[in-house]
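# Structure at a glance
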Amino acid sequence: MNTDQHLNSGAMALGSLPDDEAVEFTDHLDSCPTCAAELTSFLETAATLGSSVAQTPPASLRRSVMEAVARTPQLPPLTDSTLGRHRQPNVATGTGPVWPVQEDAPDGPLAEVIPMRRPWYRRPQALLAAAVAVLVIGGGTTLVVANQSPSTPSVAACLASATDKATLVPNVGSGGTVTLTPSCDAAVVNMPNLPALPAGSVYQLWVLHGSDAKNATSAGVVDRKADGSVTAVTADVRAGSTAVGVSVEPASPVSVTPTTTPIWVVPLST
Amino acid sequence: MSANTPQLRSLSAVPSLPSDRDPDVAAAAVPEDLLRRIALGDEKAFETLYDLFAGRVFGLARRIVRNPSQAEEVAQEVFLEIWRRASRFDPARGSATSWVMTLTHARSVDRVRSAQASSDRELKVAYASHEIEIDTVVDAVESAFERKAVQKCLGALTDLQRESITLAYYSGYTYREVAELLTTPLPTIKTRLRDGMIRLRDCLGVQA
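Residues numbered from 1 in each chain as written. Chains lettered and ligands numbered in written order. Predicted model: local features only at pLDDT ≥ 70, side-chain atom pairs only at ≥ 80, totals over all residues.

## Here we look at the pairing of strand S4 (residues 201-209) of chain A
Residues and elements named next belong to chain A.
- Of all nine residues in S4, eight are buried, a share of seventy percent or more.
- Sheet topology places S4 next to strand S7 (residues 241-250); nine bridges connect them, and they run antiparallel. Among the inter-strand pairings, Leu 205 is bridged to a residue of S7, identified as Val 246. (Buried ≥ 20, exposed ≤ 12 C-beta atoms within 10 Å, placed from the backbone. Helix = DSSP H or I, 4+ residues; strand = E, 2+ residues; numbered from the N terminus. Pairing = 2+ DSSP bridges.)

## Overview of the nonpolar core
- Membership of the largest hydrophobic core comes to 110 residues, with the highest contact counts inside it found for Leu 159, Ala 187 and Val 244 of chain A together with Val 57 and Ala 168 of chain B.
- No other element matches helix H4 (residues 43-65) of chain B, which puts twelve residues into this core.
- Leave out the neighbours within four places in its chain, and Ala 187 of chain A touches Val 178, Thr 179, Leu 180, Ala 235, Val 237, Val 244 and Leu 268 of chain A. (Core = buried A, V, L, I, M, F, W, Y, C linked by C-beta atoms within 7 Å. Contact = placed C-beta atoms within 7 Å.)

## Concerning unusual backbone geometry
All names here are of chain B.
- Backbone geometry at Arg 66 places phi at a positive 75°, although glycine is not the residue there.
- Residue position: Arg 66 is located in the loop between H4 and helix H5 (68-85).
- We classify Arg 66 as partly exposed; it has 17 C-beta atoms within 10 Å.
- Positive phi values are uncommon outside glycine, yet Thr 183 reaches one of about 40°.
- Within the secondary structure layout, Thr 183 lies in the loop between helix H10 (175-181) and helix H11 (186-204).
- For Thr 183, a count of 6 C-beta atoms within 10 Å gives the class exposed.

## Points about the interface of chain B and chain A
- On the chain A side, the residues contacting the 72 residues of chain B number 56 residues.
- Contributions of two or more residues to the side of chain B that touches chain A are made by H4, H5, helix H6 (96-119), helix H8 (144-155), helix H9 (159-170), H10 and H11 of chain B.
- Considering every element that reaches the side of chain B that touches chain A, the biggest residue donor is H4 of chain B, with twelve residues.
- Counted by class, the side of chain B that touches chain A contains 33 nonpolar, 16 polar and 23 charged residues. (Nonpolar A, V, L, I, M, F, W, Y, C, P; charged D, E, K, R; others polar.)

## Quick notes on the packing of H9 of chain B against H11 of chain B
All names here are of chain B.
- With their axes 8 Å apart at the nearest point, H9 and H11 run at an angle of 95° to one another. Relative to H11, H9 is oriented roughly perpendicular. On H11, the residues touching Leu 160, Gln 161, Ser 164, Ile 165 and Ala 168 of H9 are Ile 189, Arg 192, Leu 193, Asp 195, Gly 196, Met 197 and Arg 199.
- When its residues are assigned to classes, the contact of H9 with H11 shows six nonpolar, three polar and three charged. (Axes fitted to C-alpha atoms, helices over the stretch in contact; angles between N-to-C directions. Parallel < 35°, antiparallel > 145°, perpendicular 65-115°, else oblique.)

## A word on the packing of helix H3 (residues 31-39) of chain B against H4 of chain B
Residue and element names in this part refer to chain B.
- The contact between H3 and H4 brings their axes to 8 Å, and the two run at 140°. When the axes of H3 and H4 are compared, the crossing they make is left-handed. Contacts between H3 and H4 pair Pro 31, Leu 34, Arg 37 and Ile 38 from the former with Ala 45, Phe 46, Thr 48, Leu 49 and Leu 52 from the latter.
- In the contact of H3 with H4, the residues fall into seven nonpolar, one polar and one charged. (Left-handed = near helix turned anticlockwise from the far one by under 90°.)

## Some points on the pairing of S7 of chain A
Residues and elements named next belong to chain A.
- Summarising burial for S7: nine of the ten residues are buried, a large majority.
- In terms of strand pairing, S7 meets strand S8 (residues 264-267) through four bridges, oriented antiparallel. When the bridges of S8 are listed, Val 244 appears paired with Val 266.

## Topic: the environment of Val 150 of chain B
- Position of Val 150 of chain B among the secondary structure elements: in helix H8.
- What Val 150 of chain B contacts, discounting residues up to four positions off in sequence, is Thr 48, Leu 49 and Ser 52 of chain A.

## Points about the sheet that holds strand S3 (residues 186-190) of chain A
All names here are of chain A.
- Read across the open sheet, the four strands follow the order S1-S2-S3-S6; overall the sheet is antiparallel. Whereas interior strands pair on both sides, the edge strands pair on one side only; in this sheet they are strand S1 (166-168) and strand S6 (233-236). The mean angle between the axes of side-by-side strands here comes to 25°, regardless of whether they run parallel or antiparallel.
- Summarising the sheet, S1 and strand S2 (residues 177-181) pair through three bridges and their orientation is antiparallel. Across the sheet, Leu 168 pairs through a bridge with Val 178, a residue of S2.

Read these as layout, nothing more, since geometry by itself doesn't imply function.
Printed below as a string of structure tokens:
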């Protein structure tokens with residue numbers, strides 16, 4: 001298996017591994033420093049291939065880029081205290097959602113992101129957010145945000161090619177993992193099997209920010225199957241997100257912050 | 001005050017040339033340094049980086065997406081993403097050039113694939129036109145050296161290595177699509193992509 005993975009470095013550097021295989025290969029890199037070094041050298045080689053077809057762009061490009069930059073806020077750096085020491089986003093990344101920055105953001109008061117002229121790659125997230133809103137308002141309805149669902153191609157593609165994944169384990173509850181990919185602003189949440197709840201109660205997934213548990217964003221009602229297993233979901237995270245957790249909440253009305261002590265918490269630091 | 005006069009004169013003599021830019025920026029035309037400054041919100045550093053990479057970003061996008069106005073759109077997305085994500089660049093993971101070009105490649109391929117999804121493009125038609133495209137895109141002005149070296153080193157590969165790498169990188173195909181186009185088993189294509197890249201890397205003298 002590892003031998004097979006080792007052969008993927010060329011295809012990966014050339015951007016020609018399909019998403020699912022890119023994810024596996026990226027996981028493999030954690031345990032194979034020689035593969036990672038080979039990939040790095042191949043990426044430099046690929047960059048030379050790309051540089052060799054340079055062409056003078058139209059002058060209008062410079063103007064429109066500078067105009068757009070003047071209206072576009074920047075992402076804060078990842079910090080050790082929030083997201084752990086992570087590697088650079090693999091370049092192929094980056095279509096993750098942009099968060100309005102909280103008042104405690106390291107870079108100070110960044111405004112909400114002004115939509116870019118052609119935000120085509122953000123639309124899936126916008127639609128997804130709308131779907132979340134609808135489902136949450138609907139109460140009780142289960143929410144499935146399957147990892148790499150076709151509705152989130154950009155996050156899936158980002159996760160597939162990211163090299164900065166960290167697998168994290170809970171400090172409250174047991175079992176399950178969170179695979180944090182800061183460069184994609186995403187965390188893939190694999191919850192353990194959850195016991196059945198009385199009628200009227202649901203499990204709700206949260207992304208916590210800062211140290212106050214009340215400062216949490218709902219990532220939706222957990223889709224618990226009849227056998228207790230839970231579909232993996234992708235939650236949006238950002239610098240400043242400190243944990244992912246699950247609590248028991250009333251099915252209706254839906255909680256906007258956790259109202260009970262979380263039964264499962266995974267800190268987002270390594 | 002008189003000590004300052006010559007400097008003031010020299011600055012006003014060349015108001016719009018690059019030498020008039022922030023001397024720190026001008027001195028730091030190393031892409032890694034530029035990215036570090038861009039992460040601090042330095043728009044002048046960003047302009048310098050733009051001038052350094054515009055030809056490469058646009059050229060690669062053009063090569064992959066073909067359509068010039070779409071290539072322009074992709075290039076704009078890439079530069080905005082560089083601006084937004086500069087703080088996430090980690091020099092320990094590779095060069096700034098590699099970061100920028102990999103980002104450019106990924107965004108270009110995204111564009112091609114989303115176009116494919118909507119138009120259900122026939123791979124073999126694209127392949128038929130591929131050989132012609134290789135020689136028509138020769139407008140490069142910035143990278144004569146790289147172009148020569150790449151041509152020489154691609155020429156030193158076996159046919160299968162060269163075709164596989166070219167289809168994967170410049171046409172944005174997955175290795176599975178490449179295998180289909182070249183009617184070659186999947187493991188063979190994977191292997192040729194890797195050993196071809198090893199030969200290219202060594203030929204181009206790229207340091208890891």
